[in-house]
Amino acid sequence: MDQALLLIHNELLGTDLSVYWNSERCYHCLLQVLVNVSGNGKPGKPSIAAVAVSTQHGSILQLNDTSEEKEVCRLEYKFGEFGNYSLLVKHVHNGVNEIACDVVVNENPVDSNLPVSIAFLVGVAVVVAVCFLRFLLSLDDFNNWISKAINSRETDRLINSELGSPSRAGQLGDDTRPEAWRPSAVPLRLRCVDTFRGIALILMVFVNYGGGKYWYFKHSSWNGLTVADLVFPWFVFIMGSSIFLSMTSILQRGCSKFRLLGKITWRSFLLICIGIFIVNPNYCLGPLSWDKVRIPGVLQRLGVTYFVVAVLELLFAKPVPESCTLERRCFSLQDIISSWPQWLFILMLESIWLALTFFLPVPGCPTGYLGPGGIGDLGKYPNCTGGAAGYIDRLLLGDDHLYQHPSSNVLYHTKVAYDPEGILGTINSIVMAFLGVQAGKILLYYKDQTKDILIRFTAWCCFLGLISVAFTKISENEGFIPVNKNLWSISYVTTLSSFAFFILFILYPVVDVKGLWTGAPFFYPGMNSILVYVGHEVFHNYFPFQWRLQDNQSHKEHLIQNVVATAVWVLIAYILYKKKIFWKI
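The written sequence of each chain sets the order in which its residues are numbered from 1. Only residues with pLDDT of 70 or above have their local features reported here, since the model is predicted, and side-chain atom pairs are shown and tallied only from 80 upward, although totals for entire chains, interfaces and linings are computed over all residues. Each side-chain value is derived from all of the structure's non-hydrogen atoms; neither hydrogens nor water enter the calculation.

**Some points on the overall build of the protein chain**
- In terms of helices and strands, the protein chain carries 16 helices and eight strands.
- Exposure categories follow from relative accessible area, calculated using a 1.4 Å probe and restricted to protein chains: below 20% of the type maximum is buried, above 50% is exposed, and the middle band is partly exposed. Counting across all 585 residues of the protein chain, residues that qualify as buried make up 47%.
- Contacts: residue pairs with any heavy atoms within 4.5 Å of one another. If you take every contact in the protein chain between residues at least 6 apart in sequence, the share linking residues at least 24 apart comes to 72%.
- Within the structure as shown, the protein chain displays about 30400 Å² of accessible surface, and the carbon and sulfur contribution to it stands at 63%. For helices the rule is a DSSP run of H or I covering at least 4 residues; for strands it is a run of E covering at least 2, with both sets numbered from the N terminus onward. Computed with a 1.4 Å probe, the accessible areas rest on the Shrake-Rupley method; for each residue, only the protein chains presented here act as cover.

In structure tokens form, the structure reads like this:
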């Protein structure tokens, strides 16, 4: 999978060739030896070497004369999956004795993206069918016909049930389940917030299950963005919005700040403990040594982020004004001005991130290094992965307590442990959650004023987008601070927060104001996010979330499996929602 066969024909008699390779996505990387081809062939019978090449990205090939270490030719080519290619290296006699390197397609590749296109079209067809059905149900004649049919069957069912039916256990309040699992009333909340959380969560589940083994559903090796890089920060952002909305509601019901602080502390502790449990599976590997336990992780970062942001908002909590209809009564920037102590704290935190990232001396590495190490930067700093962020984690937590297979290993062949959920990146996670708090304040301070809310969403989207442009110079690798999920760079936070405000700009009027969309099916997992996240991690290797594939090298089969597994969790969330069962911690 994601490979092609390349046959290298060396027609240069007496000249041994060394073939070097690299991916075009590998920034400033050392070329890696791919294969050596001897020059001992005969006229008409060149020496041939066969090698597998990657098809995920374009390839850079450089052929050198082995004895003289002189470049013979260099080319860039995008190979297709399961294709069969020949690279012909020969002399060209056109008055000047030149060497030509030409790629010939022996067998056409397959279209590996076709399954994704088909899945997308099927999804669109389902959406169109549901919308058409809703349109039919809105027609009086069709609706009356359906109602008569249903009422007829319902009458028969009620008659049968009255004749005698078994009583349902637990209906009279004898529920013996743990409190977290008991049905509870659905809280009054904005559907767009839960829908956004559900979108991020379902994408996260799909990505964690493999995403059909496509590279763009995996995390970027270093700088840049893929689909997988979007979901976690969006989840952090919407968690910030939920913190403010739920905390305001709890305080309005008369809960004391001291009691709420206890709940915040306990919830954060549980998130961290559950996270450590999830990221350290041992299934068939035997007992896990404490010396090898990974400490950072997704839920751990959520726990720390939640605690800091929630406590910060609790300390400076103020009553929300009843109405901002009159400009005299409600200053146009009150949602920002009223939070000046929180903003001051957040700016101080970000200053700490910038100072540590760019000024902390790291042994053996240049100060302010933001690169991946390994073969990046022409192999000058192989053990400097993540610069200050990696150094702080290795110093405080130890190599054995960090993630051992970071995404940087794929292209950059890094050798040191690096954790994308490390200590330093948590600072920017807090910043992103606080930007989510700001979105929540806009929704609450200007409730029932759709125009004001949308104007502020637009302003934040543009403002954060301009900051990202300044940091990155609209470049993947050449900016001052590139967008980088592994580092959780500030440009990564501003870029994804800009996207988040844009999504809320779309969802709020469509879902909550006009009611054109209920948020289904994303709304249901959004209402039970902890259960879905923990469940999909714990039951990852169980049927029906995973089964033996007939062809393990098929993107199509992996995609079907991952889509089915994700859909099952959506179904589970829907059933729990209908039964009013919500897992809260």
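**A word on the packing of helix α5 (residues 257–278) against helix α6 (residues 298–315)**
- In the contact formed by α5 and α6, the axes pass within 7 Å of each other and the chain directions differ by 170°. As the angle between them shows, α5 and α6 are arranged roughly antiparallel.
- Polarity classes work like this: nonpolar for Ala, Val, Leu, Ile, Met, Phe, Trp, Tyr, Cys and Pro, charged for Asp, Glu, Lys and Arg, and polar for all others, with Gly in that last group. Here the residues of the contact of α5 with α6 sort into 17 nonpolar, five polar and two charged. Convention adopted: a line fitted to C-alpha atoms gives each axis, helices being fitted over their contacting stretch, and angles between N-to-C directions are expressed from 0 to 180 degrees. If an angle is under 35 degrees, it is roughly parallel; if it is over 145, roughly antiparallel; if it lies from 65 to 115, roughly perpendicular; otherwise it is oblique.

**A closer look at the packing of aromatic side chains**
- Stacked, tilted and edge-to-face pairs are distinguished by plane angle, under 30 degrees for stacked and over 60 for edge-to-face with tilted covering the rest, among Phe, Tyr and Trp rings (Trp via its six-membered ring) whose centres lie within 6.5 Å. Enumeration over the complete set of coordinates arrives at 34 aromatic pairs.
- Members of the aromatic cluster, connected to one another through ring pairs, are Phe196, Trp234, Phe237, Trp343, Phe434, Phe457, Trp460, Phe463 and Phe501.
- The criterion is that NZ of a Lys, or CZ of an Arg, lies within 6 Å of the ring centre and within 35 degrees of the ring normal, and then a charge sits over that ring. One residue, Arg267, lies across the ring of Tyr306, its end atom 5.0 Å from the ring centre.
- A cation over an aromatic ring shows up here: Arg456 above the ring of Tyr446, its NZ or CZ 3.9 Å from the ring centre.

**Quick word on helix α12 (residues 450–472)**
- With 23 residues, α12 extends 33 Å from end C-alpha to end C-alpha; this agrees with the ideal 33 Å at 1.5 Å per step.
- Looking at the buried residues of α12, the elements they touch are α7 (334–337), α8 (340–359), α11 (423–445) and α13 (490–513). By definition here, a helix of n residues has an expected span of 1.5 Å times n minus one.

**Things to note about a positive patch on the surface**
- Taken together, Arg253, Arg259, Lys263 and Lys584 make up a surface patch of like positive charges.
- Within the fold, Lys584 resides in the segment after α16 (555–578).
- The exposure class of Lys584 is partly exposed, given its relative accessible area of 49%. The patch calculation keeps residues exceeding 30% relative accessible area without a salt bridge and links them within 9 Å when they carry like charges or within 5 Å when they are nonpolar (Val, Leu, Ile, Met, Phe, Trp, Tyr). Salt bridges are counted wherever a side-chain nitrogen of Lys or Arg sits within 4 Å of a carboxyl oxygen of Asp or Glu. When charges are counted, neither His nor the chain ends are considered; positive counts come from Lys and Arg and negative counts from Asp and Glu. The atom standing in for a charge is NZ when the residue is Lys, CZ when it is Arg, CG when it is Asp and CD when it is Glu.

**With respect to the state of the cysteines**
- For the purposes of this analysis, a disulfide is any pair of cysteine sulfur atoms at a distance within 2.5 Å. Taken as a whole, this structure holds three disulfides when the rule is applied.
- Note on cysteine connectivity: Cys26 is disulfide-linked to Cys29, with sulfurs 1.9 Å apart. The S-S bond linking Cys26 to Cys29 shows a torsion near -75°; that makes this disulfide left-handed.
- Overall, the relative accessible area of 7% leaves Cys26 in the buried class.
- Take Cys29: its relative accessible area is 12%, and that puts it in the buried class.
- With its sulfur 1.8 Å from that of its partner, Cys73 forms a disulfide with Cys101.

**Observations regarding a nonpolar patch on the surface**
- Together, Leu114, Ile118, Val122, Val126 and Val130 give the surface a local cluster of nonpolar side chains, amounting to about 420 Å² of exposed area.
- Note that Val126 resides in helix α1 (residues 114–137).
- Judged by relative accessible area, Val126 falls into the partly exposed class, the value being 47%.

**Quick word on the nonpolar core**
- Core analysis: the biggest nonpolar cluster contains 111 residues, and Phe196, Phe237, Phe457 and Phe501 have the highest contact counts within it.
- The biggest single contributor to this core is α11, with 14 residues.
- Setting aside its immediate chain neighbours within four residues, Phe196 contacts Trp234, Phe237, Ile238, Ala500, Ile503, Leu504 and Leu507.
- If you look at the next biggest cluster of nonpolar residues, it comprises 22 residues, including Leu12, Leu17, Val37 and Cys73. Only buried Ala, Val, Leu, Ile, Met, Phe, Trp, Tyr and Cys residues count toward a nonpolar core, and they belong to the same one when joined by side-chain atoms within 4.5 Å.

**Some points on the pattern of salt bridges**
- Overall, the coordinates contain eight salt bridges when judged by the stated rule.
- Notably, a salt bridge pairs Arg197 with Asp194, separated by 2.4 Å at the nearest N-O pair. Here Arg197 and its partner Asp194 are both found in helix α3 (residues 191–208), three residues apart, which amounts to about one turn of the helix. Both residues of the pair, Arg197 and Asp194, count as buried.
- The salt bridge partner of Glu421 is Lys485, with a shortest N-O separation of 3.1 Å. Taken together, the positions of Glu421 in the loop between α10 (408–412) and α11 and Lys485 in the loop between α12 and α13 put the pair 64 residues apart, joining distant regions of the chain. Residue Glu421 shares its accessibility class with Lys485, and that shared class is buried.
- Each of the salt bridges in this network shares a partner with another, and the network as a whole consists of Arg294, Asp419, Glu421 and Lys485.

**Let's talk about the sheet that holds strand β2 (residues 17–23)**
- Sheet architecture is open: four strands sit in the order β3-β2-β5-β6, paired in antiparallel fashion. The sheet terminates laterally at β3 (32–37) and β6 (70–77), the two strands that pair on one side only. Going from strand to strand, the sheet's axes swing by 20° on average, the running direction of each strand aside.
- Two strands pair when backbone bridges link them, and β2 and strand β5 (residues 59–65) are joined in this way by seven bridges, in the antiparallel orientation. Bridge pairing in β5 links Ser18 to Asn64. By the convention used here, strands pair only if DSSP detects at least 2 bridges between them.

**Some thoughts on the confidence of the model for the protein chain**
- pLDDT: the predictor's confidence for each residue, scored from 0 to 100. Of the residues in the protein chain, 88% have a pLDDT of 70 or more, and the chain-wide mean is 87.
- Considering each helix and strand of the protein chain separately, the mean pLDDT is smallest for helix α2 (residues 140–162), with a value of 56, and largest for α8, with 96.
- A low-confidence stretch, residues 325–329 (pLDDT under 50), is modelled with three contacts involving residues beyond four sequence positions or located in other chains.

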